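Structure at a glance
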Amino acid sequence: MPSPCSCMSFNPETRRLSIGLDNGTISEFLLSEDYNKMTPVKNYQAHQSRVTMILFVLELEWVLSTGQDKQFAWHCSESGQRLGGYRTSAVASGLQFDVETRHVFIGDHSGQVTILKLEQENCTLVTTFRGHTGGVTALCWDPVQRMLFSGSSDHSVIMWDIGGRKGTAIELQGHNDRVQALSYAQHTRQLISCGGDGGIVVWNMDVERQETPEWLDSDSCQKCDQPFFWNFKQMWDSKKIGLRQHHCRKCGKAVCGKCSSKRSSIPLMGFEFEVRVCDSCHEAITDEERAPTATFHDSKHNIVHVHFDATRGWLLTSGTDKVIKLWDMTPVVS
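Owing to the predicted nature of the structure, the values given are computational and were not obtained by experimental measurement. (Residues numbered from 1 in each chain as written. Predicted model: local features only at pLDDT ≥ 70, side-chain atom pairs only at ≥ 80, totals over all residues. Heavy atoms only, no water.)

With respect to the UniProt feature "domain: FYVE-type" (unreviewed entry) in the protein
UniProt records the feature "domain: FYVE-type" (unreviewed entry) at residues 215-286, using the numbering of this structure. Along residues 215-286 the backbone is 18% helical and 22% strand, and the end-to-end C-alpha distance reaches 23 Å. (UniProt positions renumbered as here; feature names shortened; annotations may be inferred. Helix = DSSP H or I, 4+ residues; strand = E, 2+ residues; numbered from the N terminus.)

Laid out in structure tokens, this is it:
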């Protein structure tokens, strides 16, 4: 290759292999039936710098790509012609496409997800999602339930319900480090997330999950009315020292430490680990509501990429530790 390879996409139906390079070029090859020969097909001058993501869309004969130049581009794979482009706010780090509606989803290092509607030679901005406090590291799309999953360096996964309950965002907290790869098993409605902590988390998405509440603003505890430390007037009037503000993860109310001394998991809200809740919410949470909706597995290596074979129930993982592992997931994804 004329330049170091940065990413690739393979279509098993056509045996077409697309390889992104550090110089911005996408090189396309056709693999022989016995996979012993690669025939060069064409090159796309797609980007001004390193190609970060490639998707080949067989139904439309399109090659979608993103690069370090903050450009999203799509080309016709038959003619090699560039059809259009869009400049993102930051370098893209995730790319998914819905064939039916021709919507493309682009996650970037700013934590934003951009949705574009593609036509043959132009695109329009549909909307942008902002829910992560860190950069988006992985995207996964379920075309059946019309749900988009985004993993982030803020250790969380967000499920964006674009279909049934439009605009609903469910936060999933199950990693202690950045989420680096996502895969989805459509037949069982289970999401597989892998992170820098070495954890493989299998989330059951076939349950009625709840949105996390907005955090409320207040100058005093919404339980005991004690002033927070910036509320000088109430501190002076009540002759009391101001307290530090916290938030209950279940109801979103602003509370002091004394009124939120308990911890609880809230799996239906995505909190598989124990989080801060106010005392009244802690009493109201039942044992059934604390039942986990995810299973946790220690891979013992830093996972960066995953591929899930739903027909066999196999999960292939690779990472920065130079290790590739093959997992039999049938006991947990079935």
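There is more to say after this.
Things to note about the packing of aromatic side chains
One pass over the full model with this rule turns up 8 aromatic pairs. An aromatic cluster of at least three residues, connected via ring pairs, comprises Trp62, Phe72, Trp74 and Phe97. (Phe/Tyr/Trp six-rings, centres within 6.5 Å; stacked < 30°, edge-to-face > 60°.)

Some details on the pattern of salt bridges
Within this structure, the stated rule accounts for 8 salt bridges. Of the charged contacts in the structure, one is a salt bridge between Lys42 and Glu28, with a shortest N-O distance of 3.7 Å. Linking Lys42 in strand β4 (residues 38-45) with Glu28 in strand β3 (residues 25-31), this pair joins segments that are 14 residues apart in sequence. A salt bridge links Asp298 to Lys300; its shortest N-O distance comes to 3.6 Å. (Salt bridge = Lys/Arg side-chain N within 4 Å of Asp/Glu carboxyl O.)

Comments concerning the sheet that holds strand β26 (residues 314-319)
Pairing between the strands of a sheet is mediated by backbone hydrogen bonds and can be parallel or antiparallel. The strand order across the open sheet formed by 3 strands is β25-β26-β27, and the pairing between neighbours is antiparallel. Each having just a single partner strand, β25 (303-309) and β27 (324-328) make up the two edges of the open sheet. Averaged over all neighbouring strand pairs, the angle between strand axes comes to 20 degrees, with direction disregarded. As paired elements, β25 and β26 share 6 bridges and run antiparallel to each other. Bridging from a neighbouring strand, Val306 pairs with Thr317 of β26. (Pairing = 2+ DSSP bridges. Axes fitted to C-alpha atoms, helices over the stretch in contact; angles between N-to-C directions.)

Brief notes about the side chain of Gln173
Here Gln173 lies in strand β16 (residues 168-173). Polar contacts involving the side chain of Gln173 include one to the side chain of Glu171, which spans 2.4 Å. Not counting residues within four places of it along the chain, the set of residues in contact with Gln173 comprises His155, Ser156, Trp203, Gly270, Phe271, Glu272 and Phe273. (Polar contact = N/O pair within 3.5 Å; in protein donor to acceptor, adjacent residues only side chain to side chain. Contact = heavy atoms within 4.5 Å.)

Here we look at the pairing of strand β17 (residues 179-185)
Taking burial as the measure, the 7 residues of β17 include 7 buried ones, the bulk of the element. In this structure, β17 lies alongside strand β18 (residues 190-195), joined through 6 bridges in antiparallel fashion. Across the sheet, Ala185 pairs through a bridge with Gln190, a residue of β18. Count of turn residues in the β17/β18 antiparallel hairpin: 4 residues, of which Arg189 carries a positive phi of about 55 degrees. (Buried < 20%, exposed > 50% of the residue type's maximum accessible area, 1.4 Å probe, protein only.)

A look at unusual backbone geometry
The phi dihedral of Arg146 is positive, around 60 degrees, even though this residue is not glycine. Relative to the helices and strands, Arg146 resides in the loop between β13 (136-142) and β14 (147-152). You can call Arg146 buried: its relative accessible area is 18%.

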